[in-house]
Amino acid sequence: MTAAPLAPISRAACIGGGVIGGGWIARFLFAGIDVKVFDPHPEAQRIVGEVLANAERAYGLLTNVPLPPRGRLTFCDSIEEAVADVQWVQESVPERLDLKRCVLAEIDAAAPADALIGSSTSGLKPSDLQAELTHPERLFVAHPYNPVYLLPLVEIVGGTATSAATIERAKTVLDAIGMKGVVIAREIEAFVGDRLLEALWREALWLIKDDICDVETLDDVIRYSFGLRWAQMGLFQTYRIAGGEAGMRHFLAQFGPCLKWPWTRLTDVVDLDDALVEKIGAQSDAQANGLSIRELERIRDENLVGIVQALKAGNGGAGWGAGALLADFERRLQPMAGAAPALDIEAPLALVETRVSPAWIDYNGHMTEHRYLQLFGDTTDALLRLIGVDMAYVEAGHSYFTVETHIRHLDEARLGETLRTTCQILASDEKRIHVFHRLFAGPEGHEVASAEQMLLHVDMAAGRTTPAPETVLARLRPITAAHARLPMPEGAGRSVGQKKQAAAAE
Ligand SMILES: NC(=O)c1ccc[n+]([C@@H]2O[C@H](COP(=O)([O-])OP(=O)(O)OC[C@H]3O[C@@H](n4cnc5c(N)ncnc54)[C@H](O)[C@@H]3O)[C@@H](O)[C@H]2O)c1
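Conventions we followed
- Residues numbered from 1 in each chain as written.
- Predicted model: local features only at pLDDT ≥ 70, side-chain atom pairs only at ≥ 80, totals over all residues.
- Heavy atoms only, no water.
- Patch = residues over 30% accessible without salt bridge, like charges linked within 9 Å, V, L, I, M, F, W, Y side chains within 5 Å.
- Areas by Shrake-Rupley, 256 points an atom, 1.4 Å probe, with all protein chains shown as cover.
- Salt bridge = Lys/Arg side-chain N within 4 Å of Asp/Glu carboxyl O.
- Lys, Arg positive; Asp, Glu negative; His and termini not counted.
- Charge placed at Lys NZ, Arg CZ, Asp CG, Glu CD.
- Helix = DSSP H or I, 4+ residues; strand = E, 2+ residues; numbered from the N terminus.
- Expected span 1.5 Å × (residues − 1).
- Bend = angle between axes of the 7 residues up to and from the residue.
- Buried < 20%, exposed > 50% of the residue type's maximum accessible area, 1.4 Å probe, protein only.
- Pairing = 2+ DSSP bridges.
- Near = heavy atom within 4 Å.
- Polar contact = N/O pair within 3.5 Å; in protein donor to acceptor, adjacent residues only side chain to side chain.
- 1 Å grid on protein atoms, 1.4 Å probe; cavity = no way out; pocket = protein on both sides within 12 Å on 5 of 7 lines; lining within 4 Å.
- Points joined across faces, edges and corners; volume = space filled by probe spheres on them.
- Nonpolar A, V, L, I, M, F, W, Y, C, P; charged D, E, K, R; others polar.
- Axes fitted to C-alpha atoms, helices over the stretch in contact; angles between N-to-C directions.
- Contact = heavy atoms within 4.5 Å.
- Core = buried A, V, L, I, M, F, W, Y, C linked by side-chain atoms within 4.5 Å.
- Phe/Tyr/Trp six-rings, centres within 6.5 Å; stacked < 30°, edge-to-face > 60°.
- Parallel < 35°, antiparallel > 145°, perpendicular 65-115°, else oblique.
- Left-handed = near helix turned anticlockwise from the far one by under 90°.

Chemist: How should I be thinking about a negative patch on the surface in this particular structure?
Modeler: Side chains of Asp77, Glu80, Glu81 and Glu106 sit close together on the surface and give a patch of like negative charge. Position of Glu81 among the secondary structure elements: in helix α3 (residues 79–83).

Chemist: I tried to follow helix α8 (residues 215–233) on my own but got confused; where do I start?
Modeler: Residue pairs spaced three or four apart in an α-helix point in one direction, given the helix's 3.6 residues per turn. Between its first and last C-alpha atoms α8 spans 25 Å; for 19 residues at 1.5 Å apiece the expected length is 27 Å, and the two agree. By the largest-angle criterion, Phe226 marks the main kink of α8, which is about 55°. Of the residues flanking the end of α8, it is Gly234, one or two places downstream, whose phi is positive at about 65°.

Chemist: Honestly, the pairing of strand β13 (residues 446–459) in this entry has me stumped. Any pointers?
Modeler: Looking along a regular strand, one sees the side chains alternate between the two faces of the sheet. Of all 14 residues in β13, eleven are buried, a share of seventy percent or more. Bridge count between strand β10 (residues 398–409) and β13: eleven bridges; the pairing is antiparallel. Note on β13: the bridge partner recorded for Glu404 is Met454. As paired elements, strand β12 (residues 432–441) and β13 share ten bridges and run antiparallel to each other. Bridge pairing in β13 links Ala441 to His446. Adjacent in sequence and paired antiparallel, β12 and β13 are bridged by four residues, among which Gly442 carries a positive phi angle near 75°. Examined bridge by bridge, β13 and strand β14 (residues 464–465) share two bridges and lie antiparallel to one another.

Chemist: What should I look at first to understand the site of the ligand in this one?
Modeler: If you check the shell around the ligand, you find 21 residues, and the closest are Ile20, Asp39, Glu95, Lys100 and Ser122. In the environment of the ligand, an oxygen atom lies 3.3 Å from a nitrogen or oxygen atom belonging to the backbone of Val93. Here Ser122 contributes a side-chain N or O atom positioned 2.6 Å from an oxygen atom of the ligand. For the ligand, whose unbound accessible area comes to 830 Å², protein coverage reaches 74%. Contributing elements (two or more residues each) for the shell around the ligand: α1 (19–30), α4 (97–110) and β6 (139–144).

Chemist: What is the right way to look at empty space enclosed by the protein in this model?
Modeler: By rolling a water-sized probe across the atoms, one finds the places where empty space is left. Evaluation of the coordinates by the stated rule reveals three cavities of 30 Å³ or more. Looking at the largest cavity, it is lined by 15 residues, and the ones nearest its centre are Arg27, Leu62, Leu150, Gly178 and Leu326. The leading source of residues in the lining of the largest cavity is helix α13 (residues 322–339), at five residues. Within the lining of the largest cavity, the residues separate by chemical class into eleven nonpolar, two polar and two charged.

Chemist: Where do I start with the sheet that holds β6 in this structure?
Modeler: What the eight strands build is an open sheet, ordered β3-β2-β1-β4-β5-β6-β7-β8; its pairing is mixed. What marks the edges here is a single partner per strand, and that holds for β3 (73–75) and β8 (180–183). Sheet twist, expressed as the mean angle between neighbouring strand axes with direction ignored, is 25°. Packing of α4 onto the sheet brings it into contact with β1 (11–15), β4 (88–91), β5 (116–119) and β6, and relative to β4 it is tilted by some 165°.

Chemist: I keep staring at unusual backbone geometry and nothing clicks. Help me out?
Modeler: For residues besides glycine, phi is generally negative; the peptide bonds are generally trans as well. Note the cis peptide between Asn146 and Pro147, where omega equals 0°. By the secondary structure assignment, Pro147 is in the loop between β6 and β7 (153–158). Phi is positive for Ala190, close to 70°, though the residue is something other than glycine. The phi dihedral of Asn315 falls on the positive side, at around 55°, and the residue is not glycine. The topology assignment puts Asn315 in the loop between α12 (293–313) and α13. Judged by its relative accessible area of 48%, Asn315 is partly exposed.

Chemist: Mind showing me how you'd approach the nonpolar core here?
Modeler: In globular proteins that are soluble, nonpolar side chains generally tend to be buried together. If you look at the biggest cluster of nonpolar residues, it comprises 44 residues, and the most contacted ones within it are Trp24, Ile25, Phe28, Ile33, Trp88, Phe140 and Tyr149. With eight residues, the top contributor of residues to this core is helix α2 (residues 44–62). Not counting chain neighbours up to four residues away, the residues in contact with Trp88 comprise Ile9, Arg11, Ala12, Ala13, Phe28, Leu116, Gly118, Phe140, Ala170, Val173 and Leu174. The next biggest cluster of nonpolar side chains, apart from the first, holds 33 residues, and it includes Met367, Tyr393, Leu439 and Leu455.

Chemist: Before we go on, may I ask you to explain the side chain of Asp459 in this structure?
Modeler: The residue Asp459 is located in strand β13 in this model. Among buried charged residues, Asp459 stands out as having no salt bridge; its nearest opposite-charge side chain is Arg464, 5.2 Å away. Only 3.1 Å separates the side chain of Asp459 from the backbone nitrogen of Ala462, close enough to count as a polar contact. Residues in contact with Asp459, not counting those within four places in the same chain, are Gly397, His398, Arg464 and Thr466.

Chemist: Is there a simple way to think about helix α14 (residues 369–386) in this case?
Modeler: The end-to-end C-alpha distance of α14 is 27 Å, a good match for the 26 Å that 18 residues give at a rise of 1.5 Å each. Every buried residue of α14 is listed here: Arg371, Tyr372, Leu375, Phe376, Asp378, Thr379, Thr380, Ala382, Leu383, Leu384 and Arg385. Two residues or fewer after α14 comes Gly388, characterised by a positive phi angle close to 95°.

Chemist: Even after reading the chapter, I still don't get the packing of aromatic side chains, so can you show me in this structure?
Modeler: Between two aromatic rings, the relevant description is the distance of the centres plus the angle of the planes. Counted under the stated rule, the structure contains seven aromatic pairs. Where Phe28 meets Trp88, the ring centres are 6.1 Å apart and the plane angle is 65°; that geometry is what we call edge-to-face. Taken together, the positions of Phe28 in helix α1 and Trp88 in strand β4 put the pair 60 residues apart, joining distant regions of the chain. Judged by relative accessible area, Phe28 falls into the buried class, the value being 0%. Judged by relative accessible area, Trp88 falls into the buried class, the value being 0%.

Chemist: In this structure, what is going on with the packing of α1 against α2? I would like to understand it.
Modeler: How two helices sit against one another is set out by the angle between their axes and by the gap between those axes. Where α1 meets α2, the closest approach of the two axes is 9 Å, and the angle between their N-to-C directions is 50°. Between α1 and α2, the angle is such that the two are oblique. The two elements α1 and α2 cross, and the hand of that crossing is right-handed. On the side of α1, the interface is formed by Gly22, Gly23, Ile25, Ala26, Arg27, Leu29 and Phe30, while α2 contributes Val48, Val51, Leu52, Ala55, Glu56 and Tyr59.

Chemist: How do you make sense of the packing of α8 against helix α11 (residues 274–288) when you look at a structure like this?
Modeler: Between α8 and α11, the least distance of the axes is 8 Å, while the angle of their chain directions is 65°. In contact with Val215, Glu216 and Asp219 of α8, α11 contributes Ile280, Gln283, Ser284 and Gln287. Of the residues assigned to the contact of α8 with α11, the class counts are two nonpolar, three polar and two charged.

These figures capture arrangement, not role.
Given below as structure tokens:
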């Protein structure tokens, strides 16, 4: 059985492969979409390659659920060649209306008439971008946030000529590839996100110019306080809580009048003269403390992954905000992961393939202890999906719980090494599955650990074990029967310390 593709499109073009274009390329490729790129920069391939390397690293940290087979990346010599047969064109060239209009006209002339055309512009109105196009109805703004491969939001903004169908199709594609397409009701310059950011930035520049604080103090004020709140509740929900039990109405009554006090300098624009540029530049250099942009990018990515994962575990495990979005994306990826490999049941089942990511390394430089349990847990989850115990099954009230685990650590796994696990079913009956997992690392596949586990089928509402239904047992039995013909794996049936005792007795 071939799994349905993740995205409703399979071919995209990215025109411009800089900071933002590179991020879009990664998003599309990792969603299994082929991408054609045009960027006249002589080093475009190297720059895109570096963004892709960062994106791959970040995805390795973000999720263990296997992504679809990666799309094919092709660099083209012209816009015409890049867009000829694609379903989505993403324009990410520098922020100049004349340049964007020229590039969009070329795209419009060469792309199929029904291809969607998204512009990454940070603030230009789509009506101004589409004015001279032959098919203006398929042009819209798809404004992402850097790094595009990790931050899910895309502001979708239509111009006067954009069709409702275009907006709907764009949102469907973005949501399918794990992004969060938000439709902005009416076009204005800078849309919503950059309106807010500009207001904050304008105020921040005054605070530095007037020596109220330096850039590091200003950043600390954000990141140790409301920055933490914003990532999970934004502005209005945060203020609702700040209003106490009386909520938003009380908050507005209490703090609304302050807006009329002359606290901020919002509409004044600071003169970014040489002195101020140098002052901010020097303070920013000192703040970076020798870290390069690439190093800062990696730190940023690791932190963002940590925040998104914390949000995934939030709200009592149901997920919250960007974390709930990731959980939903993983739920949609999982059936594809279960259906993809053609498994040979006459051998231990090859269930998980991944790589040792930087976050898994401990102070010894090796994969840290709890990641072994995570990988064996992922292996068990993959087995359960194979026999029909997926998220829908769990949501309907039944599951298998792990009631016993014995892990043996046999060797070390190092940063970046490939990892694969196998699962041998030692026995199963109506309620139980007794499994023996093995973990192999590196190109030669040296065995680094094994785990023996007992799983019990449970009725979660009743809180007790119960026989699995025939639909599950019918898939389980042939595997158990085939595995009964395999030799008992070395290390099965051991308990803690047994190996030592056996050696001592020899
Ligand atoms: N940097 C951000 O944080 C950010 C965030 C959201 C949106 N944007 C928007 O994304 C767009 C791109 O910004 P960026 O930060 O990636 O800039 P960038 O300078 O990093 O990349 C622009 C790329 O476009 C290429 N280019 C120039 N002329 C071209 C042409 N005629 N055809 C194809 N490629 C061409 C350049 O070689 C360069 O690689 C802008 O509209 C910007 O406003 C930027």
